[in-house]
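Survey of secondary and tertiary structure
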Amino acid sequence: MRAMILRRPGSPLEPAVLPERNPGPGEICIRVTACGVCRTDLHVVDGELNGAALPIIPGHEIVGRVDALGDGVKHLKLGQRVGVPWLGYTCGTCSYCCMGRENLCERPLFTGYTRDGGFASAAIADARYAFDLGEEGEDVSLAPLLCAGLIGWRSLVMAREANLLGLYGFGAAAHIIAQVAVEQGRRVFAFTKPGDEKGQAFARSLGAEWAGSSAEMPPVKLDAAILYAPNGRLVPLALAAVRKGGRVVCAGIHMSDIPAFSYDLLWGERELVSVANLTRQDGHDFLAQAAKLKIRTHTTVYPLSGANQALADLRAGSFEGAAVLVP
Ligand SMILES: [Zn+2]
Ligand SMILES: [Zn+2]
């Protein structure tokens, strides 16, 4: 199989040809047809997250076909189209798993971080954490749903019943969640980097009723705001943009430091929360919604060997929507 491997954080991914492994008990082998590129991959490659199991094949928005079944896998079939997300394994026995919060598991494995991911022509996954994707939609279009969509969905649920919803950072996640939120009848306010008029126009084209710079205040106080940009300076800005009792949800796995801010910004029962990982239930809930709402993803396709370019373009913000690698 072909793969792009991270050997040392801060250095480019290296192309490699690796022997194929047979799936172990409970595992499946997947012939990868598309794998999305997520900002978390960028954090892993840049070494901003400690704990990557190096060398590692990044990529946790995997779409492919089941190629081989390990012993005991009964619920998936050869040739079935599946998706593999960030959550690759949970222990099932820690207090978090037992209370239905497997996203916070004490002994998890994460695809493309602590177990090999999908920047490859083939991948092995624990069959219990793979989602059936059905046959509707193109592989490339579905890939961004598996993290940008899924984590985005969890953050939208965390925003509760917010009608006036702010989205800070209009990248892969926001471009999906804006569509879901508008379909749900919410009013969306999109915040981009100052001067990113293309990004603001993109947000309006997906149903945002207002789009502007993250340095601006929206025309009305928001019920909730979700932060997708990994920039801690946005936290006090978002708190200032929400009404009393409003909520700010930080959806990224990594964020630069949050500057000190006046307690006035939190006062009035405003809440500041983070979203960590996903549960399998989030996946089932979101993928059902995405199919029903006919969510359209905007993708830029790169060959597998172009993974470094895709990461560089993501860092530079030089495309709208999501990057997807095709082996
Ligand atoms: Zn656990
Ligand atoms: Zn991700």
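Scroll up to find the structure.
Summary of the structure given here. Predicted, not measured: the structure shown is a model, and the values here were computed from it.

For the rest of this paragraph, the subject is the overall build of the chain. A tally of helices and strands in the chain yields nine helices and 17 strands. Structurally, the chain occupies a C-alpha span of about 55 × 40 × 35 Å along its principal axes. Considering only intrachain contacts with a sequence separation of at least 6, the fraction spanning at least 24 residues in the chain is 69%. In the form shown here, the chain has an accessible surface area of approximately 14100 Å², with 52% of it arising from carbon and sulfur atoms.

Empty space within the second largest pocket amounts to approximately 360 Å³. In this structure, the second largest pocket is lined by 15 residues; those nearest its centre are Glu-136, Gly-137, Leu-142, Ala-290 and Ala-291. Listed by contribution, the elements that provide at least two residues to the lining of the second largest pocket are helix H3 (139-142) and helix H8 (280-293). Among the elements that line the lining of the second largest pocket, the one with the most residues is H8, at three residues.

Bringing empty space enclosed by the protein into the picture now. If a probe as big as a water molecule is rolled over the atoms, it shows which places are left empty. One pass over the full model with this rule turns up one cavity of 30 Å³ or more. Put simply, the largest cavity is a space of about 40 Å³. Lining the largest cavity are Val-84, Gly-88, Thr-111, Arg-115, Ile-124, Ala-125, Asp-126, Tyr-129 and Ala-130. Considering each element in turn, the lining of the largest cavity owes the most residues, three residues, to strand S8 (residues 122-126).

On the protein side, the zinc ion (ligand 2) has Cys-38 (SG), His-60 (NE2) and Cys-147 (SG) as donor atoms, found 2.0 to 2.2 Å from it. Written as a sequence motif, the donor arrangement for the zinc ion (ligand 2) is C-x21-H-x86-C. Pair noted here: Cys-38 is in the loop between strand S3 (27-37) and helix H1 (39-46) and His-60 is in the loop between H1 and strand S4 (62-69), with a separation of 22 residues, a long-range link. The same class applies to Cys-38 as to His-60, namely buried.

As a further point, take the pattern of salt bridges. Using the criterion set out here, one finds 15 salt bridges in the structure. Of the charged contacts, one joins Glu-135 and Arg-65 as a salt bridge, the two residues approaching to 2.8 Å between their closest N and O atoms. With Glu-135 in the loop between strand S9 (131-132) and H3 and Arg-65 in strand S4, this pair connects stretches of sequence that are 70 residues apart. Each member of the salt-bridge network shares a partner with another, and the members are Glu-20, Arg-31 and Asp-67.

Most of H1 is tucked away, with six of its eight residues classed as buried. For H1, the elements touching its buried residues are S3 and helix H9 (307-316). Just downstream of H1, Gly-47 is the residue with a positive phi angle, here 75°.

This brings us to the packing of aromatic side chains. The description of an aromatic ring pair rests on the distance of the ring centres and on the angle between the ring planes. One pass over the full model with this rule turns up nine aromatic pairs. Seen from their ring centres, Tyr-89 and Tyr-129 are 6.4 Å apart, and the 55° between their planes marks the pair as tilted. Note that Tyr-89 is positioned in strand S6 (residues 87-89) and Tyr-129 in the loop between S8 and S9, a separation of 40 residues in sequence. You can call Tyr-89 partly exposed: its relative accessible area is 27%. Both rings, one in Phe-189 and one in Trp-210, keep their centres 6.5 Å apart while their planes meet at 40°; by these two values the pair is tilted. Placement of Phe-189 in strand S11 (residues 187-192) and of Trp-210 in strand S12 (residues 210-213) is noted, with a sequence separation of 21 residues between them. Taken together, the ring pairs connect Tyr-168, Phe-189, Phe-191 and Trp-210 into an aromatic cluster.

What counts and how
Residues numbered from 1 in each chain as written. Chains lettered and ligands numbered in written order. Predicted model: local features only at pLDDT ≥ 70, side-chain atom pairs only at ≥ 80, totals over all residues. Heavy atoms only, no water. Helix = DSSP H or I, 4+ residues; strand = E, 2+ residues; numbered from the N terminus. Contact = heavy atoms within 4.5 Å. Areas by Shrake-Rupley, 256 points an atom, 1.4 Å probe, with all protein chains shown as cover. 1 Å grid on protein atoms, 1.4 Å probe; cavity = no way out; pocket = protein on both sides within 12 Å on 5 of 7 lines; lining within 4 Å. Points joined across faces, edges and corners; volume = space filled by probe spheres on them. Donors = N, O, S within 2.8 Å, 3.2 Å for Na, K, Ca; no water. Buried < 20%, exposed > 50% of the residue type's maximum accessible area, 1.4 Å probe, protein only. Salt bridge = Lys/Arg side-chain N within 4 Å of Asp/Glu carboxyl O. Phe/Tyr/Trp six-rings, centres within 6.5 Å; stacked < 30°, edge-to-face > 60°.

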